Each structure stands twice: as C-alpha cells, then as structure tokens.
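# Coordinates in review
Each chain, written out:
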Amino acid sequence: MTATSFTAAELAERFSLALHGDGGVRIGGVATLARAEDGQLAFLANSRYRPQLAASRASVVVLREADADAAPGTVLIAKDPYAAFAKIASLFDARPVRAAGVHASAAIDPSARVAAGAHVGPFVSIGANSVVEDGCVIGPGCVIGEDCVVGAGSELIARVTLVKRVRLGQRVLIHPGAVLGADGFGLAMDGGRWLKVPQLGGVSIGDDCEIGANTTIDRGALEDTVLEEDVRLDNQIQIGHNVHIGAHSAMAGCSAAAGSARIGRYCLIGGGAGVLGHLEVCDKVVVTAMSLVTGSITEPGEYSSGTPLTDNRTWRKNAARFKQLDTLARRVLAADKE
Amino acid sequence: MTATSFTAAELAERFSLALHGDGGVRIGGVATLARAEDGQLAFLANSRYRPQLAASRASVVVLREADADAAPGTVLIAKDPYAAFAKIASLFDARPVRAAGVHASAAIDPSARVAAGAHVGPFVSIGANSVVEDGCVIGPGCVIGEDCVVGAGSELIARVTLVKRVRLGQRVLIHPGAVLGADGFGLAMDGGRWLKVPQLGGVSIGDDCEIGANTTIDRGALEDTVLEEDVRLDNQIQIGHNVHIGAHSAMAGCSAAAGSARIGRYCLIGGGAGVLGHLEVCDKVVVTAMSLVTGSITEPGEYSSGTPLTDNRTWRKNAARFKQLDTLARRVLAADKE
Amino acid sequence: MTATSFTAAELAERFSLALHGDGGVRIGGVATLARAEDGQLAFLANSRYRPQLAASRASVVVLREADADAAPGTVLIAKDPYAAFAKIASLFDARPVRAAGVHASAAIDPSARVAAGAHVGPFVSIGANSVVEDGCVIGPGCVIGEDCVVGAGSELIARVTLVKRVRLGQRVLIHPGAVLGADGFGLAMDGGRWLKVPQLGGVSIGDDCEIGANTTIDRGALEDTVLEEDVRLDNQIQIGHNVHIGAHSAMAGCSAAAGSARIGRYCLIGGGAGVLGHLEVCDKVVVTAMSLVTGSITEPGEYSSGTPLTDNRTWRKNAARFKQLDTLARRVLAADKE
C-alpha cells in the first residue's frame, strides 16, 4: 500500500474541476457515498441518490453543479461526475509493476521477436514469427501461437491464448482465459459426415480495445474477424468468425455475435443478447439484455425481445396462450369485421 | 482402483439408516437402479422409478420407508435417499492424493506465503503478498496474483486464476478455467471514447463454496463482490462486480448476475437465467431456466419468463402476432366495453 | 508461407469435379468472390450471390452446374460447391508442424504413457495412468489429469484441461480453454446445507469430434457423459453430466444441454439455445438460436421459442400485454361463445 494522497485543490486543478469549500482537505482514497470514511472522496452521478449526501462521511464529493447545494462539505463540480470520478479513482489504482524482461521459464520460438521493454512472465509460450512490441506485459501462462502481433503497451493479464494470426493494436487489455484466433465454426455436410472448412483468416483488434475474461473471438474463414478501436467486451462473450465490430461499441457479459455479423459504432449490446450471423446492425443501436437480433437494424435506437418475468403460475397460463396467439388474433380480427 | 467395500450393516450404522434384509451383503460400488450389478448399491429417490426396483440387480437399495415394500432385496431406509446415497457414494470416490510440497517449476513471489501442508503443482505462479493456507491443493497451471488468500483446505483443481484481492474461505473448491477477481466492467463515456473506471475492490468467497469450470467472478469497483458461505456455482457463470450472493444459494450453468445485483439465501437460479444489475432478489427464490429477472423480487417463490417451444411454423405465426399484441388487446378491451 | 499452387485441371482431377474453361490457370490461394484477386479460387454456393460472378476477379470459381453460365471464366462444377471449396481450401491451410517428442518442461507422471510419435508441448502436465496415443499433439499449457486417454491423431491446441476419466477417440480436435471431465453439478440439500454428490463417471468422446474454445463437458455422476462420433461443438458450450449426444450433431456457440439430456443424431442446436435436463431430442431436430427445449421432442423438424425483436417502446407495450394474455384469451373465447 502506497500512501498516495491529494488535496481537493490539487484534484480540482489536475482535472479542471470547480471547487466549492475547503481546498486543503486531503484525500487518500475513494469510496461510495454510503461507505466513505473521513479522508475519502465519493461521487454523485444519479440525482436519485442525492438524499445520501447529507449523511455521507466523504470528505469530498464529485457532483453536478445542480446537486452542489445539497452537499454539506467540500465538493468538486463536474459536467460528468462519473467520468471525473473514474479519472480521480485511477490515481489510487496501485497496479503492480512488471519489470521488463523475459522469465527464465518462458518458451519462445527463435523466430519470434520480443521487445527489450516488454515483460514476459513465467510459463509463457510464444510461437514462430510472432512479435511482442515495447511496453507489453504478457502475464503468467499466456500462449501466443504463430504469426501474432501484440502492439505496444498491450497487456495480457494471465492465461490468455492468441492461437494464430492475431494482431493486436496498441494498449489492448485482455483478461484471463480469453481465447482469440481459434478456428471459426465452419462445417460442410459431405456424404453424411461433417467436413471441416479451413479457417484461413486472422483476428484484427484495434487500439485501446478491452477483452473480458473467458471471452472468445474466432479467426476469420477467408478474411479477418475485426474489432475497430476502443471496443469493450465484457466476460464470456462469443464472437464468431468474420464478425466486424465498429469503434467505441461495448458488449456486456455473455452476449454473442454469430459469424459474419456486422455491428456498427457506438453500439451497446446487453448481457446475454445475441446477434445472428450475416446481419448488419447500424451505429448507435442499443440491444437490451437477453434479446435476440434476428434481422438487420438500420435505425439507431433501443431494441428488445423476450417476455416479462412473472410468478411461475401466471407465466404458465400466459405461455400456454402464446401457443394459441395466432388463432386468438384471427378471432379478434374476424369479430371486428363483423 | 482400491478394493473398498462395506457390508449393508456397516453402512446402516455409519449413516444411521434402518436396515431391512441381509446386513451381511457386501457393497463394492454404487450405480443407477437400471445399471447396477451384483455387489453394487443403488437408490430410489423419486417414486416414479419404483417399477425399476423389481428388475434391478442392485444388492442394496437406499429408499424411503414408503417404497420399502416394493424392493425384493436388502434395503436401507432414509428420510432423504438422495442425500444418504451421496454420503455412501463418497466412500467410493477415490480422489488422488496430492502430497504436501511445492513443485520445482512453481514461480512463487518471495513475499507470498505457502503453508507447509499445502500442495502446489507444476507451472503455478503465486504473486506478491498472497497466502496459501494449510491443506490447500493448487493444481497445475493455476495463477494466483497479488494480495490473495486461499483458505485452509481449499482446492483449485487446475488452471484456475485468482487475479488480485481474492479471498477464499475454507474448503472452497474451484474447477478449471474459472477466473476470479478480473476487472469489473466499468466504463464511462468521455468525449466520444470509453474511459476505464478503476476496479479497486476485491472478491470475497465464503467457506464451502464451489465454483464451476470457466465461471467468472469480477472484482468489485469500490467494495467487494461477495459470495456468502456454501454458495454453489455451476460452469460458465458470469458474476459481475459488486454482486452479493447469499448463503446456500445455487446457480446452474450459463446463468449470470449483472453488476451490483443482490441475490438472497437459498435461491436457485436456473441454467442460462439472468439477473439485471442493481436488483434485489429475496431469499428462497427460484428462477427457471433462461428467464430474465428485470425487477427486484420481494416474495419467495418460483419465477419465469419466455415462451414455450413449438414447431418453427407455428412459432412464426404466433411470434408475428406478439408484435400486434397491444393492438389486439385494445380491440378486445374495447369490444368488451361495447 | 509456402508457395503452394495448383492448376485448375489438377484440382478438377483431385476432387473429381468437371472443368469448364482453361485448365492451365494456376491457383495459389482461396478467397471470397468479392475479394478474390487474380490467381485465387472462389466459390458460389448460394445463387443469391450470382450477380457477383461477373465482377469477381477470381481466376477459378467452384459452383453448381446451374450457375455455370453466369461465370465469365474458368469454373469447377460441384454438386455441393461449399464442400468442394472446403476440400480445396484445406490445401492452402499451412498448419504448423509439431515434431514428435516431449518438451523438457512437461511434467509427466511416471505411470502415464506417451507414444513416441506424439508431440507434447511446454508446460503440459499429464497425470497418473493417462495415455497419449500416437500422432497426438498436446499443445502448450494443457493439463491432462488421471485415467485419461487421448486417442491417436487427436490434437489439444493449447490450455485444454482433461480433468479425469476422459477418453477421447481418434482425430479429436479440442480448442483452447475447453474443460472436459470436471465434476458434474450434483447437489443434495442436507440439513440446510448443500451436500456434494460424488461424480464417479467419466467423459467419452467419439472419433472425429471437435470441441470449441472454452466449452465445458462435465463428467457423469455414475455413468459417462457421451459424445458419439463426429459431433461438432462450437465455443462456450456447456454440456452437463450424463448428457448423450448422437453422431454427426452440431451445436453452435453458447448453447447448452443440462444433465442427462439426450440429443439424437444429425441434430443442429442453434447459438445460445438450451435443452433442459432429462429430456430426449430425437434425430434430425433443428433448434433455432436462443430457444429453450422444455419437453422431449419426438418428431424431426425445426423448433423455436422466444419473441421477435422490435423497438423498445413497442416491445414494452406488447410485453406488458403478455402478462394479461390468459385473461385476454378468456375474454375472446367467452365472446365467441356468445
């Protein structure tokens, strides 16, 4: 634990925030409004929690101008308190230093190239013709196969696999268990048996992308599977071969995009949601949790499928009627005609 | 294979079960009623399978008092035959012995502490300030990061990752590929680009929890993600940051709880089901498979969403009508008024 | 990169295809119709893309007889152009050679047996009584536990775990992160606490199966979990204990089969779809994406559940009416009687 601390005035200056109250208050950490102790900074992003301000023991609160009057103590005014809080909190995120150098146990192909400024941890294997650029951290147990590039400043936390032909941009962050560049799921039926369709493409990941734990991104069949820059994938997401995801889109845990789906820029795909193969989803589309996109979407906006949760007894009765829905509708329309 | 065996009388005494029939019958293994051979013990927990008793070749059957008359041979009477069977079966579960000691290949930070009675397998890495307590088994390829605690008697089967600030209670069992303590999915939009929100919390897992293969449990943003004691998670489950799960709850495969969701005690979450973020689910709630919890639940009971499966042709017709459901309902209600 | 190339006539002969045009055209790779360059071969499997033929720069196109007249250049005629293309493309799939032998870092139990012709990569551990047969490739970071068999010619790409009692047939291909043979999810409630039910079975995988990245297949409770030959599983699939999947069936990403489900031969299970426990699905059943099979299926055909995607505002109105569906139906039926 380092004893990092900043005064409210220092934070105001560093992040260009207006300060109301005592600029000399010293902050040694961050917390929620409800749990903050003396010496900690909290934030209020949603006015719904405004009543918590009075009781909070936080020494400083980051909030919107409109909420400032409800805070009894020192405040920092931000247009977007959550983003301002994120920046301040990052000052207290003590990330372990990974010294440059290659661990003695690492198994590196002679044709691979690891920059002098990169860190390669224990039990890492790196295959033929792969490149790890400067400032990268390759954590314990990672496997990098053939013909891969890990762009400068990228970090593979631990036990990440890049199978082959995976090219990461700069500052890409990948969490444990993620598998990039496995064979896409390409099969042809041939005389009553499956025939494997070779997957000759690769995976291309743009700068500043983040890939969650146990997420899988398959290699393309003929061309690449592509994530443009600043795409953020949560855990346990499945991206099929030849999918293309536009810049600044984010997908929540357990969602999936099937082969050759094309998702635009600034899209938000909810947890457990799915996009069928070969569809196009335009920019700025929000898909709510566990919805299934079954046709291309050409208008920005929020989309949903599914039915609401009820107690099981009620659900059974309604679900049984869903099976008769077309018949019921025909009766209603016929009665209307009469 | 060890030649473990017990007489029916020995089992009756060991597990306080009533015995009907020949107490000297010797049991060398367990099986289903349908497949049991001579010398094996089977169980009948569901009276639906009662007709199988007559034909079964099992030498001993564990069952309820009420089913005893239908069994031709030796029986052990239990209030809960499945639980009694589980206890008996565990006598035949030959688990490999893992000798205490650290494998020569393990990479352990000098500041980490491994109890003398713990087993640490090949290709394990343990980071700064982490502790592995007595009687633990850390299987091949596990990665334990910084500031983690593995409580006494816990077992990480193989290739488990504890990223950082993960504290396991005693006798916790974690299956391969699970990732605990990865960054929660915290993002703020800032000038058209995503800003990563630091994840400063940890993960706290209570005594006797079990975590399935390839399940992911993220670290909290400011406070911990918490599983109370005796929580049982199946495979491929996703637990977002700051989720809290009450004691004795169980979640089936591929289910998920989004950030800050709070699930009570003795809950059962079905396979593929989801709980949205920031919701509260009270104690003793059952959510059926692939249902989505979209609001807090305050009453114990069984809850469901979704529609029943039909042939695709029928489904298409009914699904098309779902799009008109509000219009149809208005017509019905208007006709009623007339 | 090897400079593999073939003339159109050589390909025609090798794969028994009829040739129209210049048999001397030389092919050095494969591509899509839209992206093919001079010297590449493309295919047309779906007549919908027929208009692309005129503009394609592909030197040779594989297509059906019926589409041949629309192609300006050299063509190879196939009954199933996609299967023919798969075979041709495999000629250009330069897979890295893995020399026979065991990497110095591998940790192999003295009682395990590795065939002389097998490749075992770095950081692999192999437990007691396990067998790796001839021609196998065990990639970096794989963990093979006790009592496993890896059949001749099988490949575990990297970081695959076979926990225990897992028997693979011949030519099985397993992608990174997959976990086979973890404990099935067996629990009994006993005095207010969960009691673990021992999982004494194994996993049996038939010849020519393929298992995707991060897919999990649990060990059976008393008997085995079984995949017959030529079953193809995509990524992130969950197969519960004692599931049985018939030959030549395929499951798409994120789908799941719960404990003791029985899926027939030549079935296709869509992405994210689920099959509840103890159900039987007969041969030649197609389940569409994200559908839930809640009862046994006895007739071949296509099956679906769920509701169609709409904009969120429309969805909210219709979803609210779903809760009243039984009441509405009763009114319609009552009105009809009148």
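Quantities reported herein were computed from a predicted structural model and do not represent experimental measurements.

### Re the nonpolar core
Residues and elements named next belong to chain B. Counting residues in hydrophobic clusters, the biggest one holds 51 residues, and the most contacted among them are Ile138, Leu156, Leu162, Leu168, Ile174 and Leu180. Taken together, the elements giving at least two residues each to this core come down to strand S19 (166–168), strand S24 (203–205) and strand S37 (285–287). Not counting the four nearest positions on each side in its chain, Leu156 is found in contact with Val137, Ile138, Gly139, Cys142, Ile144, Val150, Leu162, Leu168 and Ile174.

### Quick look at the relation of the copies chain B and chain A
Superposition record for chain B on chain A: RMSD 0.0 Å, screw rotation 120°, translation along axis 0.0 Å. The operation mapping one copy onto its partner corresponds to a three-fold rotation axis.

### With respect to the sheet that holds S19 of chain B
All names here are of chain B. The nine strands are arranged S10-S13-S16-S19-S24-S27-S30-S33-S36 in an open sheet whose pairing can be described as parallel. The sheet is open, and its two borders are formed by strand S10 (113–114) and strand S36 (280–281), each paired with just one other strand. Looking at chain direction, strand S27 (residues 225–227) and strand S30 (residues 244–245) are connected through two bridges and run parallel. When the bridges of S30 are listed, Val226 appears paired with His244.

### Some remarks on unusual backbone geometry
All names here are of chain B. Located in the positive-phi region is Ser16, a residue other than glycine, with phi close to 55°. Position of Ser16 among the secondary structure elements: in the loop between helix H1 (8–14) and strand S2 (18–20). The phi torsion at Asp147 lies on the positive side, around 60°, for a residue other than glycine. Along the chain, the position of Asp147 falls in the loop between strand S15 (143–146) and strand S16 (149–150). Taking relative accessible area as the criterion, Asp147 reaches 28% and is therefore assigned partly exposed.

### Some words on the interface of chain C and chain A
When the parts of a complex come together, some accessible area is lost, and that lost area is often taken as the interface size. Counting residues at the interface gives 68 residues for chain C and 72 residues for chain A. When residues of chain C are sorted by the area they lose upon contact with chain A, Arg159, Leu309 and Phe322 of chain C head the list and together hold 13% of the total. Linking chain C with chain A are seven salt bridges, by the criterion used here. Among the salt bridges present, the one from Glu210 of chain C reaches Lys196 of chain A, with a minimum N-O distance of 2.8 Å. Along the contact surface separating chain C from chain A lie 30 residue pairs in polar contact (both at pLDDT 80 or more). Among the secondary structure elements, those contributing two or more residues to the side of chain C that touches chain A are helix H3 (81–90), strand S28 (232–233), strand S31 (250–251), strand S40 (310–311), helix H4 (312–322) and helix H5 (325–337) of chain C. Strand direction decides the pairing type here: strand S39 (residues 301–304) of chain A and S40 of chain C, joined by two bridges, are antiparallel. The residue bridging Tyr303 of chain A from the neighbouring strand is Asp311 of chain C, located in S40 of chain C.

### Topic: the sheet that holds strand S5 (residues 40–44) of chain B
Residues and elements named next belong to chain B. What the five strands build is an open sheet, ordered S2-S7-S6-S5-S4; its pairing is mixed. What marks the edges here is a single partner per strand, and that holds for S2 and strand S4 (29–30). With four bridges joining them, strand S6 (residues 60–63) and strand S7 (residues 74–77) adopt parallel strand pairing. Across the sheet, the residue bridging to Leu63 is Ile77, located in S7. Those strands touched by helix H3 (residues 81–90) are S4, S5, S6 and S7, and its axis lies near 160° from that of S5.

### As for the domain arrangement of chain A
The domains assigned to chain A are domain 1 (6–90), domain 2 (101–303) and domain 3 (312–338). Using C-alpha coordinates to define each centre, domain 1 of chain A is positioned 37 Å away from domain 2 of chain A.

### Structural notes on the pattern of salt bridges
Per the counting criterion, the structure on display carries 54 salt bridges over all chains. Between Arg95 of chain C and Glu155 of chain C there is a salt bridge, with the nearest N and O atoms lying 3.3 Å from each other. A residue pair is termed long-range when its members are at least 10 positions apart, and Arg95 of chain C in the loop between H3 and strand S8 (101–102) and Glu155 of chain C in strand S17 (residues 155–156) qualify at 60 residues. Taking the relative accessible area as the measure of exposure, Arg95 of chain C reaches 44% and is therefore partly exposed. Judged by its relative accessible area of 19%, Glu155 of chain C is buried. Several salt bridges share partner residues, and in doing so they unite Asp183, Lys196 and Arg219 of chain A together with Glu210, Asp230 and Arg232 of chain C into one network.

### Re the UniProt feature "active site" (unreviewed entry) in chain A
Residues and elements named next belong to chain A. Within this numbering scheme, the UniProt entry marks His241 as carrying the feature "active site" (unreviewed entry). By relative accessible area, His241 is classed as buried at 15%. Once you skip the residues sitting within four places of it in the chain, His241 turns out to touch Gly184, Phe185, Gly186, Gln199, Asp218, Arg219, Gly220, Ala221, Thr225, Gly259 and Ser260. Within polar-contact distance, the side chain of His241 engages the side chain of Gln199 at 2.7 Å.

Thresholds applied
Residues numbered from 1 in each chain as written. Chains lettered and ligands numbered in written order. Predicted model: local features only at pLDDT ≥ 70, side-chain atom pairs only at ≥ 80, totals over all residues. Heavy atoms only, no water. Core = buried A, V, L, I, M, F, W, Y, C linked by side-chain atoms within 4.5 Å. Buried < 20%, exposed > 50% of the residue type's maximum accessible area, 1.4 Å probe, protein only. Helix = DSSP H or I, 4+ residues; strand = E, 2+ residues; numbered from the N terminus. Contact = heavy atoms within 4.5 Å. Least-squares fit on C-alpha atoms with pLDDT ≥ 70 in both. Pairing = 2+ DSSP bridges. Buried area = accessible area lost by both parts, 1.4 Å probe. Salt bridge = Lys/Arg side-chain N within 4 Å of Asp/Glu carboxyl O. Polar contact = N/O pair within 3.5 Å; in protein donor to acceptor, adjacent residues only side chain to side chain. Axes fitted to C-alpha atoms, helices over the stretch in contact; angles between N-to-C directions. Domains from an automatic or database assignment. UniProt positions renumbered as here; feature names shortened; annotations may be inferred.

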